[in-house]
Amino acid sequence: MADGSPLAAHLGALISKASFDDARLTPGARVDLLSVRARRSAVQRVATALGQESLPPPNACRATILGDCFWLRPDEWLFATVPGGAEAAMKTVEPHLLDDGAVIDVSGSRIILELTGPRTRDVLSSCCPLDLDPSVFEPGRCAQSIIGKVSVLLHLVDATPRWHLFVPPSYVDYVVRWLADGIEGARAEQENALATTPHSSPVRMLP
Amino acid sequence: MLLITCPWCGAREETEFRHGGEGVRVPPDGDDPGWTRLLYYRENPAGPYAERWVHVHGCRQWFHVVRDTTTHQILSTRRLDGQEGAA
């Protein structure tokens, strides 16, 4: 792992041992995080100031000029802005809140893990109770749920699928172990399938 | 495992929620027996039961649930402010 990675060296080894082409776990980009809490009147003002029609509806993420904006609860949104950008972002949002809300720098409250590859739905399903079927969970959706027993924010970035998991730093070790276990399982399953399925005999259904 | 429909987040598994006990309880005007009843007595019906739950690992919102205590079927969920679904 590179210097300054949020993942300690022992986890780096665990991850690279587990990861394979169809499910790869890497540390995500570093971001500054802002929590914006706002009453209904202020929500509209903030959205307008950011050039948006509205802030994201429940369980959705939208790109804004301050970076990705995630719905957290009816009166709270999370902005993931560039490293070191929190102060400037706060100055952008604060004047529009007046007395109807608050913006707080919560950088460091969560670390992003990135999970990519076609088998990642299986990996996540091994430790997260969300319904992640592509027909229900589309790119651009986010959801707060649990991995193992820890609250995380999941964001489906694109249809690779590429997931961003926002994990409290003190639980990264725990979450990575769950995911590494899931990846290990997915890889074993794939290797078994390759070993037992002859290459040129598609299964025929009898009428 | 119960599948509970959070008014904000939709159908989620029970492990994301916490049970908050009996809902829709009106505080008494001030007499002791009234407070005793509020604090220590529960209806405990066999059948539909009005409860409160909180989506503690999700949107952290409290909401009303009507659950059948004999079948564990969730009969309805609604927001505390009475409005429909996610606004």
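Residues numbered from 1 in each chain as written. Chains lettered and ligands numbered in written order. Predicted model: local features only at pLDDT ≥ 70, side-chain atom pairs only at ≥ 80, totals over all residues. Heavy atoms only, no water.

(A) The environment of serine 126 of chain A, seen in detail. All names here are of chain A. Note that serine 126 resides in the loop between α4 (120–125) and β8 (142–147). When the C-alpha positions of serine 126 and glycine 182 are compared, they lie 5.9 Å apart, and in sequence the two are 56 residues distant. Serine 126 has contacts with Trp178 and Gly182, leaving out every residue within four places of it along the chain. (Helix = DSSP H or I, 4+ residues; strand = E, 2+ residues; numbered from the N terminus. Contact = heavy atoms within 4.5 Å.)

(B) Up close: the sheet that holds strand β2 (residues 32–38) of chain A. Residues and elements named next belong to chain A. The sheet built from five strands is open, its strands ordered β3-β4-β5-β2-β6 with antiparallel pairing. Lying at the two open borders of the sheet, with one neighbouring strand each, are β3 (61–64) and β6 (101–105). On average, adjacent strands in this sheet sit at an angle of 25° to one another, irrespective of strand direction. (Pairing = 2+ DSSP bridges. Axes fitted to C-alpha atoms, helices over the stretch in contact; angles between N-to-C directions.)

(C) Structural detail: the sheet that holds strand β10 (residues 162–167) of chain A. Residue and element names in this part refer to chain A. Pairing is antiparallel across the open sheet formed by five strands, whose spatial order is β1-β7-β10-β9-β8. Among the strands making up the open sheet, the edge pair consists of β1 (24–27) and β8. When the angles between neighbouring strand axes are averaged without regard to direction, this sheet yields 30°. Where β8 meets strand β9 (residues 150–158), six bridges bridge the pair, whose relative direction is antiparallel. Bridging across to β9, cysteine 142 finds its partner in histidine 155. Set on the sheet, helix α5 (residues 172–196) makes contact with β1, β7 (111–116), β8, β9 and β10; between it and β7 the angle comes to about 5°.

(D) Broad picture of the interface of chain B and chain A. In this complex, chain B contributes 13 residues to the contact, which on the side of chain A involves 17 residues. A buried area of about 1,200 Å², summed over both sides, lies between chain B and chain A, and 49% of it is on carbon and sulfur atoms. When the area that chain B buries against chain A is broken down by residue, the three leading residues are Arg12, His57 and Arg60 of chain B, summing to 41%. Put simply, arginine 60 of chain B and glutamate 76 of chain A hold a salt bridge, and the shortest N to O gap is 3.4 Å. At the surface where chain B touches chain A, the tally comes to six residue pairs in polar contact (both at pLDDT 80 or more). (Buried area = accessible area lost by both parts, 1.4 Å probe. Salt bridge = Lys/Arg side-chain N within 4 Å of Asp/Glu carboxyl O. Polar contact = N/O pair within 3.5 Å; in protein donor to acceptor, adjacent residues only side chain to side chain.)

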